[in-house]
Amino acid sequence: MLILMQSDHTKKQLADVLAKVRKLKLQPHVIPGKQSVAVGITGNSSALDPHLFDSLPGVREAVRVSRPYKLSGRDFKHEDTIIPIGNYRLGGPDLIVIAGPCAVESEEQMLRIAHAVKKAGAQMLRGGAFKPRTSPYAFQGLGKKGLQLLAKARKETGLPIVTEVLDQRSLDDVAEYADVLQVGARNMQNFALLKEIGKLRKPVMLKRGLSATLDEWLMSAEYLLSEGNKNVFLCERGIRAFSDHARNTLDLNVVPAVKELSHLPIIVDPSHATGVRARVAPMARAAVAAGAHGLMIEVHDRPDQALCDGPQALHPDDFAILMRDIAAIGAALGRKLATPVYGSK
Ligand code: PEP
Ligand code: MN
């Protein structure tokens, strides 16, 4: 339910509406708008009767919101969400590129690649310290030591860091170091973890599940938002389909679909979506053309020695070429690569 207040409503009338919602043991969300204020209601397990609210003083209209996701949908919040991350803003017209290795492997490796992606113009640095691997025998990440190396790379380059949180046990550690908490594809429906992350205010990048529908994905975002964390953005990373020529199938169609239904920013990860180095740049360029707010690209300067996802990693030189191409495609669409809001380090 969405309650639209009259443009000349008084503070007392709004307070009375909020009180009535709370009396029904539901949660009101005040949404400031251009014309007037709206109040979104969550917490009801069945449809509410608009007449409960539309006769209250100061109320213009009470409308049912039929979509299952409320806080992540445009019905509740029409304006695009813009998320401050370090010196950048994600979700506006400027493009954000997150780049770095799949996994933090060593201090030398992390610092070399961090400097290389910074030089090429990346806005943020990625690297997994806790890795979700298909095989229990594969490299699982450096854990807390990996987080410390990321922090060192941030200190040297000034780039905010994006890193995955695998479980509730490591959440406090990851939240202490990361600028953005990455929820991986395999955890998209780990609802217990989402609820815990939702209690924080740290930006969250929610990757799409291996075979999640758009509704399921937005419902997972809803878990984060309904706990109070509004700094959520989405990352399309390819889904499982019948195609067997690539690691996954990049669903670029979902970019305009998300932008239509949701105010949350959406970026694209063509590295996991293709799994093949030669296809990363073409799909990255297409993602920018399709209107993504940014990209996440895996980069490694010694991909043949990488402990994780070497075959899809771009060499820093190729990443630098991609950055130039993205800038050109963005420019054709009136968008540019983001520059720091308060000046660079
Ligand atoms: C990653 O970003 O390194 C990763 C594991 O991604 P995903 O969860 O999309 O597989
Ligand atoms: Mn990876």
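Residues numbered from 1 in each chain as written. Chains lettered and ligands numbered in written order. Predicted model: local features only at pLDDT ≥ 70, side-chain atom pairs only at ≥ 80, totals over all residues. Heavy atoms only, no water.

Student: Can you explain the site of ligand 1? Please cite residues and give values.
Tutor: Near ligand 1 you find 14 residues, and of these Arg 126, Gln 182, Ala 185, Arg 186 and Arg 237 are the closest. Contact between ligand 1 and Gln 182: an oxygen atom at 2.9 Å from a side-chain N or O atom of the residue. When ligand 1 is considered free in solution it has 290 Å² of accessible area, and contact with the protein chains removes 97% of it. Considered class by class, the residues forming the shell around ligand 1 number four nonpolar, three polar and seven charged. (Near = heavy atom within 4 Å. Polar contact = N/O pair within 3.5 Å; in protein donor to acceptor, adjacent residues only side chain to side chain. Areas by Shrake-Rupley, 256 points an atom, 1.4 Å probe, with all protein chains shown as cover. Nonpolar A, V, L, I, M, F, W, Y, C, P; charged D, E, K, R; others polar.)

Student: Tell me about the coordination of the manganese ion (ligand 2), and name the residues and values.
Tutor: Every protein donor of the manganese ion (ligand 2) is listed here as Cys 102 (SG), His 272 (NE2), Glu 298 (OE) and Asp 309 (OD), and their distances to the metal cover 2.0 to 2.4 Å. Mapping the donors of the manganese ion (ligand 2) onto the primary sequence yields the spacing C-x169-H-x25-E-x10-D. Taken together, the residues His 272 in helix α9 (residues 270-274) and Asp 309 in the loop between β14 (294-298) and α11 (316-332) connect sequence positions 37 residues apart. A relative accessible area of 17% places Asp 309 in the buried class. (Donors = N, O, S within 2.8 Å, 3.2 Å for Na, K, Ca; no water. Helix = DSSP H or I, 4+ residues; strand = E, 2+ residues; numbered from the N terminus. Buried < 20%, exposed > 50% of the residue type's maximum accessible area, 1.4 Å probe, protein only.)

Student: Which residues make up the nonpolar core, and what values do they have?
Tutor: Side chains of nonpolar character tend, in soluble globular proteins, to be buried together. Among the nonpolar cores identified, the biggest contains 77 residues, and Val 117, Ile 197, Leu 206, Trp 217, Leu 234, Ile 297 and Phe 319 are the most heavily contacted of them. When residues are assigned to domains, this core turns out to be shared by domain 1 (2-63) and domain 2 (83-332), each giving three or more. Beyond its immediate chain neighbours, meaning those up to four positions away, Leu 234 contacts Leu 206, Trp 217, Leu 218, Ala 221, Val 258, Leu 264, Pro 265, Ile 266 and Ile 267. Core analysis: the next-biggest nonpolar cluster, separate from the first, contains 16 residues, Met 5, Val 17, Leu 18 and Val 21 among them. (Core = buried A, V, L, I, M, F, W, Y, C linked by side-chain atoms within 4.5 Å. Domains from an automatic or database assignment. Contact = heavy atoms within 4.5 Å.)

Student: With reference to specific residues and values, describe the packing of aromatic side chains.
Tutor: Counting across every chain of the model gives one aromatic pair. Aromatic side chains Phe 191 and Tyr 223 sit 4.6 Å apart centroid to centroid with 20° between the ring planes, which places their arrangement in the stacked category. Highlighted residues: Phe 191 in helix α6 (residues 191-198) and Tyr 223 in helix α7 (residues 214-226), separated in sequence by 32 residues. Judged by its relative accessible area of 31%, Phe 191 is partly exposed. The class of Tyr 223 is partly exposed, set by a relative accessible area of 29%. (Phe/Tyr/Trp six-rings, centres within 6.5 Å; stacked < 30°, edge-to-face > 60°.)

Student: Lay out the packing of α7 against helix α8 (residues 254-261) with the relevant residues and their values.
Tutor: Where α7 contacts α8, the two axes come as close as 12 Å, and the packing angle between them is 50°. Considered as vectors, α7 and α8 are oriented oblique to each other. The two elements α7 and α8 cross, and the hand of that crossing is right-handed. Judged by residue contacts, Leu 214, Trp 217 and Leu 218 of α7 engage Val 254, Ala 257, Val 258 and Leu 261 from α8. Across the contact of α7 with α8, the residue classes tally to seven nonpolar, no polar and no charged. (Axes fitted to C-alpha atoms, helices over the stretch in contact; angles between N-to-C directions. Parallel < 35°, antiparallel > 145°, perpendicular 65-115°, else oblique. Left-handed = near helix turned anticlockwise from the far one by under 90°.)

Student: Can you break down the sheet that holds strand β3 (residues 37-42) residue by residue, with the values?
Tutor: Pairing is antiparallel across the open sheet formed by four strands, whose spatial order is β2-β3-β1-β4. Of all the strands in the sheet, the pair left with one neighbour each is β2 (27-32) and β4 (59-63). Ignoring which end each strand starts from, the neighbouring axes of this sheet average 20° apart. Pairing between β2 and β3: six bridges, direction antiparallel. Note that in β3 the partner of His 29 across the bridge is Gly 40. (Pairing = 2+ DSSP bridges.)

Student: Hey, could you go over the pairing of β14 for me, with residue numbers and the actual values?
Tutor: With five of its five residues buried, β14 lies for the most part within the structure. Neither face of β14 is left uncovered, since the one carrying Gly 294, Met 296 and Glu 298 and the one carrying Leu 295 and Ile 297 both have all their residues buried. In this structure, strand β7 (residues 96-100) lies alongside β14, joined through five bridges in parallel fashion. Along β14, the bridge assignment pairs Val 97 with Leu 295.

Student: Provide a residue-level description of the environment of Val 204, including the pertinent values.
Tutor: With respect to the helices and strands, the residue Val 204 is situated in strand β11 (residues 204-207). On the accessibility criterion, Val 204 (0% relative accessible area) is buried. With 196 residues separating them in the primary sequence, Val 204 and Asp 8 have C-alpha atoms 37 Å apart. Not counting the four nearest positions on each side in its chain, Val 204 is found in contact with Val 180, Leu 181, Val 183, Ile 197, Leu 224, Asn 229, Asn 231, Val 232 and Phe 233.

Student: Lay out unusual backbone geometry with the relevant residues and their values.
Tutor: Its identity is not glycine, yet Lys 25 carries a phi of approximately 65°, on the positive side. Tracing the backbone through its elements, the reader meets Lys 25 in the loop between α1 (11-23) and β2. Lys 25 gets classed as exposed once you look at its relative accessible area, which sits at 71%. Notably, Asp 309 is not glycine yet its phi reads approximately 55°, a positive angle.

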